[in-house]
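Residues per chain are reported as follows:
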Amino acid sequence: MSLLIIGSVAFDAIETPFGSTGKIVGGAASFISLASSMLHNQVGLVAVVGDDFDFDFIDRLKARGVNTDGLQVKHGEKSFFWHGKYHLDMNSRDTLVTELNVLGTFDPIVPDNWKSPDYVMLGNLSPEVQLKTLERLEQRPKLVMMDTMNFWMDIAMDDLRKVLQKVDVLAINDEEARQLSKEHSLVKAARIIQEMGPKTLIIKKGEHGALLFGEGQIFFCPAMPLEDVFDPTGAGDTFAGGFIGYMAKTGSNRFDDMKKALVYGSCLASFCVEKFGTTRLEEITMQDVDARLDDFDRLIRF
Ligand code: AMP
């Protein structure tokens, strides 16, 4: 079961109450690829970087089995750059700088041998690029999942509505769900958003876990309570990567398997926040993941 990922591969600069970084590797698709390739071995990436990018990172993705044939390198251009600063609560953050650079003109070219993926993860990008990617596929994948953000709701709602009609799973945070549905109750919001297209909705609530809404069913998975959260950047993308990676590995699109996928997503996200950027995700082994899944089991079983 092949899994195609599209999204930003970027440089980030992060400031938290515990410290700050210079330019480090980030981007939604970087986190999604790292997380999904922990669980699954047929992962392909479509993205764009400039020739200033850290190509050692791309080599490390390849070493994990991620196919990077769909990664475009724009010579003489700069990679996407995002600079964020977290507040004391580590939940909210301000975007200080967004430099689109190569992402501003990104044309998502899907390599020929990736045009019939079984699973697709559309990372947070302009809905126009997300749509274009789906239009370039030769057949309807078994499961299409997407992420988006309030920025696109503000400036590209028409295109966003079109993509929503074509996806099976939408993963957004609680604030975004309220904005998209114009409804405060998350249960009512879910119903409204499901009517826009995605039969399954994941509402992420940061340190308070995530809700999974299927057709007439709800499931909840907490976030692992951690003593120290160092850098939440990419936690949502890691969560999505764990979720879709597990679904691709099992070859399923059933709600019951999505419950387990939610736990895998939450488990991998709990590692992501332990160090800056992609550092922790690149360190962990499947043994670490299995041990933390046991922690989850102890946390929620009664
Ligand atoms: P998350 O913390 O899961 O919301 O994702 C953070 C990642 O999203 C960072 O690594 C950024 O590089 C990336 N990012 C931030 N803004 C955008 C944007 N407008 N388009 C694409 N990726 C973005």
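Below: a short report on this structure. (Residues numbered from 1 in each chain as written. Predicted model: local features only at pLDDT ≥ 70, side-chain atom pairs only at ≥ 80, totals over all residues. Heavy atoms only, no water.)

### Here's the deal with helix α9 (residues 255-272)
Counted only if it meets this: We count a stretch as a helix when DSSP gives it H or I for four or more residues in a row; a strand needs E for two or more, and each element gets its number in order from the N terminus. Expected span of a helix, by definition, is 1.5 Å for each gap between consecutive residues, and there is one gap fewer than residues. Whether a residue is buried, partly exposed or exposed follows from its accessible area with a 1.4 Å probe, protein chains only, as a fraction of its type maximum: under 20%, in between, or over 50%, in that order.
Relative to the 26 Å expected for 18 residues at 1.5 Å per residue, α9 spans 25 Å between its end C-alpha atoms, a close match to the ideal helical length. Of all 18 residues in α9, 15 are buried; the element is thus mostly enclosed.

### Concerning the side chain of Lys-115
For clarity, the threshold we go by: By the criterion applied in these results, polar contacts are pairs of N or O atoms within 3.5 Å in which, for protein atoms, one can donate a hydrogen and the other can accept it, and in which residues neighboring in sequence qualify only through two side-chain atoms. What makes two residues a contact is simply this: any of their non-hydrogen atoms within 4.5 Å.
Relative to the helices and strands, Lys-115 is located in the loop between β8 (93-99) and β9 (119-122). Among the polar contacts made by the side chain of Lys-115, one reaches the side chain of Asp-112 at a distance of 3.0 Å. Here Lys-115 is in contact with Val-110, Arg-136, Leu-137, Glu-138 and Gln-139, once residues within four sequence places are set aside.

### Description of the pairing of β9
Heads up, the condition is: Strand pairing follows a simple DSSP-based rule, namely that at least 2 bridges must link the two strands. By convention, a crossover is right-handed whenever its connection, traced from the first strand over the helix to the second and viewed with the strands pointing away, goes clockwise.
Burial of β9 is two-sided: the residues Tyr-119 and Met-121 facing one way and the residues Val-120 and Leu-122 facing the other way are all buried. Across four bridges, the pairing between β9 and strand β10 (residues 143-147) is parallel. When the bridges of β10 are listed, Val-120 appears paired with Val-144. Following the chain from β9 across helix α3 (residues 127-135) to the adjacent parallel β10, one finds a crossover that is right-handed.

### Side note on the site of the ligand
We apply this condition: Definition of nearness: a residue and a molecule or strand are near each other if at least one heavy atom of the residue lies within 4 Å of the molecule or strand. Accessible areas in this description were obtained via Shrake-Rupley with a 1.4 Å probe; residue shielding takes into account the shown protein chains only.
The environment of the ligand is made up of 15 residues, and the closest members are Ser-8, Asp-12, Gly-27, Gly-234 and Asp-237. At 2.8 Å, a side-chain N or O of Ser-8 approaches a nitrogen atom of the ligand. Within the side chain of Asp-12, an N or O atom sits 2.4 Å from an oxygen atom of the ligand. In isolation the ligand exposes 510 Å². Once the protein is present, 88% of that is buried. Contributing elements (two or more residues each) for the shell around the ligand: β2 (10-16) and α8 (235-250).

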